[in-house]
Amino acid sequence: MKMGYKGTDRMIAGIVFGVITFWLFAQAIVNVGPAVQADLGIPLDTLNIAVRLTALFSGLFIVAAGGLADKTGRKKIAYLGFVLSIIGSSCLVLSQGAVLLIAGRIIQGLSAACIMPSTIALMNAYFEGKARQRALSFWSIGSRGGGGIASFAGGAIASSFGWRGIFVFSIIFAALGMILLWATPESKRDSD
């Protein structure tokens, strides 16, 4: 624990916003696929590739991003994930065809690879005992429960604002996560 710093509810909220951004953009696009396909005029095969790229890139880079977070700073890599989330979601908001859609989905996968391991490591670094159990429960709710919440929220957002609205909300959540995590000190693995 860094100089006696103890995690706060504000830190938990920032981390949960970060974790939910993954589910909001990853899960919700599955539900709005036909609207995306029709709006962008892309073939179904291209849409299917774009949908799966986020999970692929997240899975490919999550271990490397976790190791990098331990060495260079967990908050730094979480912030990198938030920034990548904003960039990836912006690509989707601005997309007019397959190029930005695919690029955005790849960037979102890299975002998730940064956010997931770095945020759980921050929870472990700054919470102890029952407080850690509580913090990790919120992380799990954001991570696992986020899938169900994101499906419902994504549908509601898409019905009201169109499919691009999902990614506008994802940008807002990532920005809120960054603001809420701001006061959290950096955390790294101690040198061996």
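In this report, the structure presented in the accompanying data block is examined.

What counts as what
Residues numbered from 1 in each chain as written. Predicted model: local features only at pLDDT ≥ 70, side-chain atom pairs only at ≥ 80, totals over all residues. Heavy atoms only, no water. Helix = DSSP H or I, 4+ residues; strand = E, 2+ residues; numbered from the N terminus. Rg over C-alpha atoms; globule rule 2.2 N^0.38 Å. Buried < 20%, exposed > 50% of the residue type's maximum accessible area, 1.4 Å probe, protein only. Contact = heavy atoms within 4.5 Å. Areas by Shrake-Rupley, 256 points an atom, 1.4 Å probe, with all protein chains shown as cover. Lys, Arg positive; Asp, Glu negative; His and termini not counted. Charge placed at Lys NZ, Arg CZ, Asp CG, Glu CD. Axes fitted to C-alpha atoms, helices over the stretch in contact; angles between N-to-C directions. Left-handed = near helix turned anticlockwise from the far one by under 90°. Core = buried A, V, L, I, M, F, W, Y, C linked by side-chain atoms within 4.5 Å. Polar contact = N/O pair within 3.5 Å; in protein donor to acceptor, adjacent residues only side chain to side chain. Parallel < 35°, antiparallel > 145°, perpendicular 65-115°, else oblique. Nonpolar A, V, L, I, M, F, W, Y, C, P; charged D, E, K, R; others polar. Expected span 1.5 Å × (residues − 1). Bend = angle between axes of the 7 residues up to and from the residue. Salt bridge = Lys/Arg side-chain N within 4 Å of Asp/Glu carboxyl O.

The next point concerns the overall build of the protein chain. For the protein chain, the count of helices and strands is seven helices and zero strands. Listed by position from the N terminus, the elements making up the protein chain come as α-α-α-α-α-α-α. Taken against the 2.2 N^0.38 rule, which gives 16 Å for 192 residues, the C-alpha radius of gyration of the protein chain at 17 Å falls within 12% of a compact globule. The C-alpha extent of the protein chain, read off along each of the three principal axes, is 55 × 30 × 20 Å. Burial status across the protein chain gives 49% buried among its 192 residues. Within the protein chain, counting contacts between residues at least 6 apart in sequence, those at least 24 apart form 84% of the total. If you sum the accessible surface of the protein chain, you get close to 9,000 Å²; carbon and sulfur atoms cover 68% of it. The averaged location of the 8 negative side-chain charges in the protein chain is 3 Å from the averaged location of its 16 positive side-chain charges.

Next up on the list: the packing of helix α3 (residues 44-72) against helix α5 (residues 98-126). The relative placement of two packed helices comes down to the angle between their axes together with the axis-to-axis distance. Axis separation between α3 and α5 bottoms out at 6 Å; the angle between their running directions is 35°. In the crossing of α3 with α5, the sense of the turn from one axis to the other is right-handed.

One finds M11, I15, F82 and L181 to be the most contacted residues of the largest nonpolar core, which totals 22 residues. Those elements giving two or more residues to this core turn out to be α1 (9-31), α4 (74-94), α5, α6 (129-161) and α7 (163-181). Excluding residues that lie within four positions of it along the chain, L181 makes contacts with M11, I15, K75, A78, Y79, F82 and L122. Within the second largest apolar cluster, 21 residues are counted, among which are A112, A150, I157 and I166.

A separate point is the side chain of R74. Structurally, R74 is set in helix α4. In this structure the side chain of R74 is engaged in a polar contact, spanning 3.0 Å, whose partner is the side chain of D70. Not counting residues within four places of it along the chain, the set of residues in contact with R74 comprises A69, S118, A121, L122, A125, E186, S187, K188 and R189.

What follows deals with the packing of α4 against α5. Interaxial distance between α4 and α5 falls to 7 Å at its minimum, and their mutual angle equals 155°. When the axis of α4 is compared with that of α5, the two are roughly antiparallel. The two elements α4 and α5 cross, and the hand of that crossing is left-handed. Residue composition of the contact of α4 with α5, grouped by class: 18 nonpolar, nine polar and three charged.

This part takes up α3. Relative to the 42 Å expected for 29 residues at 1.5 Å per residue, α3 spans 40 Å between its end C-alpha atoms, a close match to the ideal helical length. If you look at α3, its biggest bend is around 45°, right at F61. Along α3, the residues that are buried comprise T46, L47, A50, V51, L53, T54, F57, S58, A65, G66 and A69. Positioned one or two residues after α3, G73 has a phi angle of 140°, which is positive.

Let's shift gears to the environment of A13. Here A13 shows up in helix α1. Relative accessible area serves as the criterion here: at 28%, A13 is assigned to the partly exposed category. Separated by 167 residues in sequence, A13 and L180 have C-alpha atoms that sit 6.8 Å apart.

Further remarks concern the pattern of salt bridges. This model, assessed by the stated rule, comprises four salt bridges. Salt-bridge contacts for R134 lead to D9; the nearest nitrogen and oxygen are separated by 2.9 Å. One end of the pair, R134, is in helix α6; the other, D9, is in helix α1, and 125 residues separate them in sequence. D70 serves as the salt-bridge partner of R74, at 3.0 Å between the closest nitrogen and oxygen. Overlapping salt bridges, with partners in common, bring together D70, R74 and R189 in one network.

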